[in-house]
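Residue-level listing of the chains:
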Amino acid sequence: MRLELTASNLKLSDKYRLKVTNRFTKAIDKYLLHLNDDLKKGTIVITKNSRFGYESKFDMKLPFGHLFASSRSQRLFAGLMDLRDRVKKQLRKELDKLRNTY
């Protein structure tokens, strides 16, 4: 799985980017084993706001659906893990719908 991580209004180190992408890819990739690698492309956009902390958004288009989730948090890593859990939940729902239709 390829995951593009974009940050605005903050700077992320390469080590932190690698940590986040590894956590996301491990959690999501296990549900998408039946797809080719070129179909598994996702983006994460992280924005730092002075008012409410960090806002993160995930976007991924799959052949059977579109995954989109967003999360706000005062702490960056906690917000990203909440975002990961939301994406996993949405992905499981999409896969259950797909399995139940056939």
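Since the structure is predicted, the reported quantities are computational estimates derived from the model, not experimental observations. Residue indices begin from 1 for each chain and proceed along its sequence in written order. The predicted origin of the model limits local features to residues at a pLDDT of at least 70 and limits the giving and counting of side-chain atom pairs to 80 or more, whereas totals for whole chains, interfaces and linings rest on all residues. The side-chain quantities take in all heavy atoms of the structure and omit both hydrogens and water.

Engineer: Help me understand the overall build of the chain in this model?
Structural biologist: A run of H or I in DSSP becomes a helix once it reaches four residues, and a run of E becomes a strand once it reaches two; helices and strands are each numbered from the N terminus. When its secondary structure is counted, the chain shows two helices and four strands. Counted from the first residue to the last, the chain has its helices and strands arranged as β-α-β-β-β-α. The C-alpha radius of gyration computed for the chain amounts to 14 Å, which stays within 12% of the reference 13 Å derived for 102 residues, consistent with globular compactness. Principal-axis analysis of the C-alpha atoms places the extent of the chain at approximately 50 × 25 × 15 Å. Scored against the burial criterion, the 102 residues of the chain give a buried share of 38%. Where accessible areas are quoted, they stem from the Shrake-Rupley method and a 1.4 Å probe; at the residue level, only the protein chains shown are allowed to cover. By element, 47% of the accessible surface of the chain is carried by carbon and sulfur atoms, the whole surface being about 6600 Å². By the counting scheme adopted, Arg and Lys are positive, Glu and Asp are negative, and His together with the chain ends is not counted. Think of each charge as sitting on NZ of Lys, CZ of Arg, CG of Asp or CD of Glu. Across the chain, the centroid of the 24 positively charged side chains sits 6 Å from that of the 11 negatively charged ones. Our radius of gyration is a C-alpha quantity, and the globule rule it is checked against amounts to 2.2 Å times the number of residues to the power 0.38. Buried, partly exposed and exposed residues are distinguished by accessible area as a fraction of the type maximum, computed with a 1.4 Å probe on protein chains only: under 20%, between the cut-offs, and over 50%, respectively.

Engineer: Is there a simple way to explain the packing of aromatic side chains in this structure?
Structural biologist: For any pair of aromatic rings, the description consists of the separation of the ring centres together with the inter-plane angle of the planes. Pairing of aromatic rings covers Phe, Tyr and Trp, the last through its six-membered ring, and needs centres within 6.5 Å; plane angles under 30 degrees mean stacked, over 60 mean edge-to-face, and all others mean tilted. Considering all chains together, one arrives at two aromatic pairs under this definition. A centroid spacing of 6.2 Å and a plane angle of 70° characterise the contact between Tyr 16 and Phe 77, whose relative ring orientation is edge-to-face. Of this pair, Tyr 16 sits in helix α1 (residues 14-29) while Phe 77 sits in helix α2 (residues 76-101); the two residues are 61 residues apart in sequence, bridging distant segments of the chain. When the ring of Phe 24 is compared with that of Phe 58, the centres are 5.8 Å apart and the planes differ by 15°; the resulting orientation is stacked. Placement of Phe 24 in helix α1 and of Phe 58 in strand β3 (residues 53-62) is noted, with a sequence separation of 34 residues between them. The pair Phe 24 / Phe 58 is uniform in exposure class, with both members buried. Its end group placed over the ring of Phe 77, Lys 19 keeps NZ or CZ at 4.6 Å from the ring centre. In this scheme, Lys NZ or Arg CZ marks a charge over a ring once it lies within 6 Å of the ring centre and within 35 degrees of the ring normal. Its guanidinium or amino end placed over the ring of Phe 52, Arg 72 lies 4.0 Å from that ring's centre, counting from NZ or CZ.

Engineer: I tried to follow the side chain of Ser 71 on my own but got confused; where do I start?
Structural biologist: In this structure, Ser 71 sits in strand β4 (residues 65-73). You can call Ser 71 buried: its relative accessible area is 4%. Here a polar contact is recorded for every N or O atom pair within 3.5 Å, except that within protein the pair must consist of a potential hydrogen donor and a potential acceptor, and residues adjacent in sequence are included only if both atoms are side-chain atoms. In terms of polar contacts, Ser 71 uses its side chain to reach the backbone carbonyl oxygen of Gly 79, at 3.3 Å. Contact definition: two residues touch when any of their heavy atoms are within 4.5 Å. Those residues within four positions of Ser 71 in sequence are excluded, and the remaining contacts are Tyr 54, Glu 55, Ser 56, Gly 79, Asp 82 and Leu 83.

Engineer: What should I look at first to understand the nonpolar core in this one?
Structural biologist: Nonpolar side chains tend toward joint burial in soluble globular proteins. To define a nonpolar core, start from buried Ala, Val, Leu, Ile, Met, Phe, Trp, Tyr and Cys residues and group those joined through side-chain atoms within 4.5 Å. One finds Phe 24, Ile 28, Ile 44, Phe 58 and Leu 80 to be the most contacted residues of the largest nonpolar core, which totals 24 residues. With seven residues, α2 is the largest single contributor of residues to this core. Residues within four places of Phe 58 in sequence aside, it is in contact with Met 1, Leu 3, Phe 24, Ile 28, Thr 43, Ile 44, Leu 67, Phe 68, Ala 69, Leu 83 and Val 87.

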